[in-house]
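# Per-entry structural report
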Amino acid sequence: MSLIYNIGLLAGIQPEGVLRVEGAAQGETGMLRNAWLRIEDGRIADFGTGPRKGDIDACGGMVIPGFCDSHTHIVYAGSRDGEFLDKINGLSYEEIAARGGGILNSADLLHQTPERELYRQSMVRVKEMMKKGTVALEIKSGYGLNPEDELKMLRVIRRIRETVPATVKSTFLGAHAIGRGYTHEAYVQAVIDMIPAAAEYADFVDVFCDEGFFTVDDTDRILSAAQHLLTPKIHANELAVSGGVQVGVKHQALSVDHLERTTDAEIEALKGTWTMPTMLPGSSFFLGLPYGRAKDYIKAGLGVALASDYNPGSSPCGDMRFVMAQGCIKMRLTPVEAFNAVTLNSAYAMGVSTEYGSITRGKRAALILTEPGWDLTKLAYQYQTPFIRKVLF
């Protein structure tokens, strides 16, 4: 047992059984000042206010649940900084992909990289994210684009899961782009054929359902083949209004991610479902895309999650505090709305909100202890000032 005492602000409190927040509730969270929190067997046993003595002195700092990042691509090889120069010189994401860059570039680099070296490079990024307060993360395949290399990625993700104290969820994203040497139809069938082997490693299946990548019909076929084996998550509406949200809802996807392009039809399709709209402001920032209409989703009674999309081509950053800040600065979320989006709702979007994402009795004590003087508004406002004193897993 351990007890954190002298907590200036304990934030992110939710009652037991609350697995996501939607609508007006996204702008609410419980807070206690001059608080304490008791941990037993790695879980939150109790908390309250008033003077206590324990073994962890918070020194007047804030204690919050650790960040949960429900959408990353951090198992990759090398770098795509050459494409960064292409973007500066005016090429679009689609133009770079059409020239053989983008995802196919990463696939070529990954194919040439031994599995042990791929693990080493990926662990650098995982440790960076944990240092910045991420306690649970999802990692996708999708830079293999053939059976051998997709499984190589999934094995690396499994090894990361077995190595680090953070919780790691794995997603099979064979349908990230058309693999080299395949026709479109042949590759869709190849992805379908990969599903049983991928299911030995992965928790989720994902499809890049967007203009120039995979169609609604492709997505429907792949998710139908994965039924009863893997829970769906969807890339949708990054480059165009693609129909990905609707096909995701049809297959009861846990989340539909990106949503830079959206209409009222997508909002209506998501009402009353268990699917979490997940927006990735890092991609909007890096690619110059529109930011998702998070405020409209919340006004319509939906919840919104935010995730980093950490990847080498469109969002090379896994700092969830920066993601929260973008939610406030660019998407006009309140600090509490953005905070819930990077904790409880993002935990929900990767299926771990029974264990993570809030200060709730019985949940894991995966916490961020800050330096003195911080609150949720300051966390987004001073988004580059160091604030973490300690991360508990």
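Residues numbered from 1 in each chain as written. Predicted model: local features only at pLDDT ≥ 70, side-chain atom pairs only at ≥ 80, totals over all residues. Heavy atoms only, no water.

## Focus on the overall build of the chain
Spelled out, the test is: Each helix is a run of DSSP H or I of at least 4 residues and each strand a run of E of at least 2, with the numbering of both proceeding from the N terminus. For the radius of gyration, the atom set is restricted to C-alpha positions; the globular benchmark scales as 2.2 Å times the number of residues to the power 0.38. The classification of residues rests on relative accessible area computed with a 1.4 Å probe and restricted to protein chains. Under 20% of the type maximum is buried, over 50% is exposed, and intermediate values are partly exposed. Throughout, a contact is declared for two residues whenever any of their heavy atoms are within 4.5 Å. The accessible surface values rely on the Shrake-Rupley method and a 1.4 Å probe; as for residues, cover is taken only from the protein chains in view. The positive count covers Lys and Arg only, the negative count covers Asp and Glu only, and His and the chain ends enter neither. Each charge is placed at NZ for Lys, CZ for Arg, CG for Asp and CD for Glu.
Summing up its helical and strand segments, the chain has 15 helices and 15 strands in all. Its C-alpha atoms give the chain a radius of gyration of 20 Å, near enough to 21 Å, the size a compact globule of 393 residues would have. Seen along its three principal axes, the alpha-carbon backbone of the chain occupies a region of about 65 × 45 × 45 Å. Taking all 393 residues of the chain together, 59% fall into the buried category. By sequence separation, contacts in the chain at least 24 residues apart represent 73% of the contacts at least 6 residues apart. As displayed, the chain offers around 14,800 Å² of accessible surface, 51% of which is attributable to carbon and sulfur atoms. Counting 40 positive and 46 negative side-chain charges, the chain places the averaged centre of each group 7 Å from the other.

## Examining the environment of Leu 229
If you trace the backbone, Leu 229 turns up in the loop between helix 7 (216–226) and strand 10 (231–236). Exposure remark for Leu 229: the relative accessible area of 45% places this residue in the partly exposed category. A sequence separation of 33 residues divides Leu 229 from Pro 196, and the C-alpha atoms of the two residues are 7.6 Å apart. Setting aside residues up to four positions removed in sequence, Leu 229 forms contacts with Ile 195 and Ala 199.

## Some details on the sheet that holds strand 7 (residues 134–140)
As a reminder of what qualifies: The pairing criterion for strands is at least two bridges between them, as found by DSSP. Every axis in this analysis is a line fitted to C-alpha atoms, fitted for helices over the stretch in contact. Angles between the N-to-C directions lie between 0 and 180 degrees.
With respect to topology, 8 strands assemble into an open sheet ordered 6-7-8-9-10-11-12-13, the strand pairing being parallel. At either end of the open sheet lies a strand with only one pairing partner, and these are strand 6 (67–69) and strand 13 (305–306). Each of strand 6, strand 7 and strand 13 is contacted by helix 12 (residues 320–329), which is oriented at about 85 degrees to strand 6, the strand it contacts most.

## Brief notes about a nonpolar patch on the surface
How we decide: Like-charged residues are merged into a patch within 9 Å and nonpolar side chains (Val, Leu, Ile, Met, Phe, Trp, Tyr) within 5 Å, provided each residue has over 30% relative accessible area and no salt bridge. We define a salt bridge as a side-chain nitrogen of Lys or Arg found within 4 Å of a carboxyl oxygen belonging to Asp or Glu.
Together, Phe 84, Leu 85 and Ile 88 make up an exposed nonpolar region whose accessible area comes to about 310 Å². Structurally, Phe 84 is set in helix 1 (residues 81–88). For Phe 84, a relative accessible area of 39% corresponds to the partly exposed category.

## A look at the nonpolar core
Spelled out, the test is: To form a nonpolar core, buried Ala, Val, Leu, Ile, Met, Phe, Trp, Tyr and Cys residues must be joined to one another through side-chain atoms within 4.5 Å.
Judged by nonpolar contacts, the single largest core of 91 residues is most densely connected at Ile 160, Phe 172, Ile 222 and Leu 306. The element that contributes the greatest number of residues to this core is helix 6 (residues 184–198), accounting for 8 residues. If we skip the residues at most four places from it in the chain, Phe 172 touches Ser 141, Glu 150, Leu 154, Val 191, Met 194, Ile 195, Ala 198, Ala 202, Phe 204, Val 205, Asp 206 and Leu 230. The next biggest cluster of nonpolar side chains, apart from the first, holds 17 residues, and it includes Leu 10, Ala 35, Ala 58 and Leu 369.

## What to know about the state of the cysteines
Test applied: Disulfide: a pair of cysteine sulfur atoms within 2.5 Å of each other.
Following the criterion strictly, the structure yields 0 disulfides and no others. Free cysteine Cys 317: the closest other cysteine sulfur is in Cys 328, separated by 16 Å.

## A few points about helix 6
Applicable threshold: Any helix carries an expected span of 1.5 Å times its number of residues minus one.
A rise of 1.5 Å per residue sets the reference length of helix 6, with its 15 residues, at 21 Å; its end C-alpha atoms lie 20 Å apart and thus fit the reference within 8%. Turning to helix 6, its buried residues are Tyr 187, Val 188, Ala 190, Val 191, Ile 192, Met 194, Ile 195 and Ala 198.

## A closer look at the pattern of salt bridges
In a structure, side chains of opposite charge can pair up when their charged atoms sit close to one another. Throughout the structure, instances matching the rule amount to 21 salt bridges. Asp 296 is the salt-bridge partner of Arg 293, the closest N and O atoms lying 2.7 Å from each other. Among the residues examined, Asp 296 registers a relative accessible area of 31% and is labelled partly exposed. Between Glu 355 and Arg 364 there is a salt bridge; the shortest N-O distance is 2.9 Å. When its relative accessible area of 34% is taken as the criterion, Arg 364 is described as partly exposed. Each of the salt bridges in this network shares a partner with another, and the network as a whole consists of Arg 43, Glu 355 and Arg 364.

## Let's talk about the side chain of Asn 340
Our working rule: For this analysis, a polar contact is any N or O atom pair within 3.5 Å, provided that within protein one partner can donate a hydrogen and the other can accept it, and provided that sequence-adjacent residues contribute only side-chain to side-chain pairs.
Mapped onto the elements of the fold, Asn 340 is located in helix 13 (residues 335–342). Within the structure, Asn 340 has its side chain in polar contact with the backbone oxygen of Gln 26 (distance 2.8 Å). What Asn 340 contacts, discounting residues up to four positions off in sequence, is Gln 14, Val 21, Ala 25, Gln 26, Glu 28, Thr 29, Asn 345 and Ser 346.

## What to know about helix 3 (residues 103–112)
Let me state the cut-off plainly: Picture the helix axis, draw a direction to every C-beta atom, and the arc is the one those directions span.
Residues of helix 3 that are buried: Ile 103, Leu 104, Ser 106, Ala 107 and Leu 110. Looking down the long axis of helix 3, one finds its buried residues gathered within 155 degrees of arc, a one-sided arrangement. Buried residues belonging to helix 3 abut helix 2 (93–98), helix 4 (115–131), helix 5 (147–163) and strand 9 (204–209).

## Structural notes on the packing of aromatic side chains
One pair of aromatic rings is described through two measures. These are the centre distance and the angle between the planes. Filter applied, for reference: In this scheme Phe, Tyr and Trp rings, the latter by its six-membered ring, pair at centre separations within 6.5 Å, and the angle between planes marks the pair as stacked below 30 degrees, edge-to-face above 60, and tilted otherwise.
Tallied over the entire structure, the rule returns 7 aromatic pairs. Consider the rings of Trp 374 and Phe 387, whose centres lie 5.7 Å apart with planes at 55 degrees: the pair is tilted. Within this pair, whereas Trp 374 is found in the loop between strand 14 (367–372) and helix 15 (376–381), its partner Phe 387 is found in the loop between helix 15 and strand 15 (388–392), the two being separated by 13 residues in sequence. Accessibility assignment for this pair places Trp 374 and Phe 387 in one class, buried.

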